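Architecture and fold: a report
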Amino acid sequence: MKTSNKFTLVRVIAAPIFFIIYFLPKWVSSSEGSLLSLISFCILVPMLIFSELTDYWDGHFARKNNEVSDFGKMFDPFADVFLHLSVFTCMTFSGYMPVICFVLIFYREFAQNFLRMVAAKQGTAIAARKGGKFKTVFYVVSCFVALAADGFFRTGIAGYLVSLGFLSAESLESVRNILHYVTYSFSSFCVLFAYTSFFDYIKNFGGVLKEASK
């Protein structure tokens, strides 16, 4: 396997591992601020950072080693979606992404994947366009914002501030609601940018679908 594709593969492998580590404290009924919850967060953050960096490295080595290929053009966005949908699933179950936003993103990504498959069948490899790249960047930012909001409670920071008297139980609930509003806003923009870029792909490659459907 080419070096660039190995970096891409890291995101595919990391996705289910992230999912398991994220939910492990919940599965064993570990409370917020427990050692397991703290360890899980300390693993999740660097894991997500490293996984996202591979998106840069695979492109870097593909160009450096002249490894740009039609397979890579399809494998790279697939790995991105695989990872981000896994993270979004975690955030949806934890209340940091509205279900409607997750479903709309899910539909968009599968529709985009269908377009890529049809185009590949027609001999056209659809590379990422600027709109798609911007959408992916916003996905990344949204993942980290939601993970940070989750970490505020998971690591026990919220409970520690309450115990010190900096926050009351009522104000803590207000903070929780504010964080949800923030992550919901990011989720909404994810949907907006996702469909804006998808319509751009349809505009430029919709002819492939028409040709294939004849």
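What about the side chain of Ser86?
- By the element assignment, Ser86 lies in helix 3 (residues 70-93).
- Taking relative accessible area as the criterion, Ser86 reaches 15% and is therefore assigned buried.

Comments concerning the nonpolar core
- Judged by nonpolar contacts, the single largest core of 36 residues is most densely connected at Phe18, Phe88, Met91 and Ile105.
- For this core, the secondary structure elements donating two or more residues are helix 1 (3-27), helix 2 (35-64), helix 3, helix 4 (99-121), helix 5 (130-154) and helix 7 (169-212).
- Core analysis: the next-biggest nonpolar cluster, separate from the first, contains seven residues, Val118, Ala119, Ile126 and Phe205 among them.

Let's talk about the pattern of salt bridges
- Following the criterion strictly, the structure yields nine salt bridges and no others.
- The salt bridge involving Asp80 is made with Arg11; its shortest N-O contact spans 2.9 Å. Taken together, the residues span a long stretch of sequence, with Asp80 in helix 3 and Arg11 in helix 1 at a distance of 69 residues. The pair Asp80 / Arg11 is uniform in exposure class, with both members buried.
- What emerges from the salt-bridge pattern is a single network uniting Arg11, Asp55, Asp58, Asp76 and Asp80.

What about the confidence of the model for the protein?
- Mean pLDDT over the protein works out to 89, with 100% of the residues at or above the 70 mark.
- For the protein, the element scoring lowest by mean pLDDT is helix 6 (residues 157-163), at 82; helix 1 scores highest, at 94.

Cut-offs applied
- Residues numbered from 1 in each chain as written.
- Predicted model: local features only at pLDDT ≥ 70, side-chain atom pairs only at ≥ 80, totals over all residues.
- Heavy atoms only, no water.
- Helix = DSSP H or I, 4+ residues; strand = E, 2+ residues; numbered from the N terminus.
- Buried < 20%, exposed > 50% of the residue type's maximum accessible area, 1.4 Å probe, protein only.
- Core = buried A, V, L, I, M, F, W, Y, C linked by side-chain atoms within 4.5 Å.
- Salt bridge = Lys/Arg side-chain N within 4 Å of Asp/Glu carboxyl O.
- pLDDT = per-residue confidence, 0-100.

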